[in-house]
Amino acid sequence: MKKHSKLIIIIGLLIGLFFLVKSRRVSQSTFDLMVLMEKTEILEVCNNRLKAKQKDPNISFRNVSYDNKEYYNYILSKNGDNLCSNPVKLNQVVIDHYKNFFKEEWKFIF
């Protein structure tokens with residue numbers, strides 16, 4: 001009887017682990033969509049900043065608050081304005097940002 005109870009406990013733990021991993025799973029297409037949306041938002045902020053610089057070359061974006069959605073983006077303010085002109089670096093920074101985000105949330109990308 002003890003032999004069967006250990007087997008049942010092991011099977012129960014494996015089934016529980018399977019459902020835990022399945023519930024924390026994020027599909028690759030969802031991850032790609034989130035990266036694409038964030039890159040679009042960053043490029044929109046870059047375009048807004050470029051238009052503002054064309055109107056007034058003396059404008060500064062150093063102290064833009066997070067309330068100002070037209071000129072502020074967290075990833076852009078953290079990594080600098082050079083992301084606007086470097087699409088490879090922009091892509092890598094956004095992918096790293098979301099990988100770290102999902103790692104902190106204990107989610108797995110499949």
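Structure: above.
Figured I'd write up the structure that's included with this text. (Residues numbered from 1 in each chain as written. Predicted model: local features only at pLDDT ≥ 70, side-chain atom pairs only at ≥ 80, totals over all residues. Heavy atoms only, no water.)

## Describing the overall build of the protein chain
At step 1: When helices and strands are tallied, the protein chain shows 4 helices and 2 strands.
At step 2: Listing every helix and strand of the protein chain by position from the N terminus yields α-β-α-α-α-β.
At step 3: In terms of overall dimensions, the protein chain has C-alpha extents of about 80 × 25 × 15 Å along its principal axes.
At step 4: Counting every position in the protein chain, which comprises 110 residues, the buried fraction comes to 21%.
At step 5: Carbon and sulfur atoms make up 60% of the accessible area of the protein chain, which totals about 8,700 Å². (Helix = DSSP H or I, 4+ residues; strand = E, 2+ residues; numbered from the N terminus. Buried < 20%, exposed > 50% of the residue type's maximum accessible area, 1.4 Å probe, protein only. Areas by Shrake-Rupley, 256 points an atom, 1.4 Å probe, with all protein chains shown as cover.)

## Focus: the packing of aromatic side chains
At step 1: In the structure shown here, the tally under the stated rule is 5 aromatic pairs.
At step 2: For the ring pair Phe18 and Phe19, a centre distance of 5.2 Å and an interplane angle of 70 degrees mean the geometry is edge-to-face.
At step 3: Judged by its relative accessible area of 51%, Phe19 falls in the exposed class.
At step 4: For the pair Tyr98 and Phe101, a centre-to-centre distance of 6.3 Å together with 85 degrees between the ring planes defines the contact as edge-to-face. Here Tyr98 and its partner Phe101 are both found in helix 4 (residues 87–104), 3 residues apart, which amounts to about one turn of the helix.
At step 5: One aromatic cluster is present, built from ring pairs that chain together Phe31, Tyr98, Phe101 and Phe102. (Phe/Tyr/Trp six-rings, centres within 6.5 Å; stacked < 30°, edge-to-face > 60°.)

## Quick notes on the state of the cysteines
At step 1: Counted by the stated rule, this structure contains 1 disulfide.
At step 2: Two residues, Cys46 and Cys84, share a disulfide whose sulfurs are 1.9 Å apart. Between Cys46 and Cys84, the S-S dihedral sits near -75 degrees, and the bridge is therefore left-handed. In this pair, Cys46 is assigned in helix 2 (residues 28–55) and Cys84 in the loop between helix 3 (74–79) and helix 4, connecting sequence segments 38 residues apart.
At step 3: Residue classification places Cys46 among the buried positions, given a relative accessible area of 7%. (Disulfide = S-S within 2.5 Å.)

## What about the nonpolar core?
At step 1: Formed by 15 residues in total, the largest nonpolar core has its most connected members in Phe31, Val35, Ile42, Ile75, Leu76, Leu83 and Val94.
At step 2: When residues of this core are traced back to their parent elements, those giving at least two are helix 2, helix 3 and helix 4.
At step 3: Excluding residues within four positions of it along the chain, Leu76 makes contact with Ile42, Val45, Cys46, Arg49, Asp81, Leu83 and Cys84. (Core = buried A, V, L, I, M, F, W, Y, C linked by side-chain atoms within 4.5 Å. Contact = heavy atoms within 4.5 Å.)

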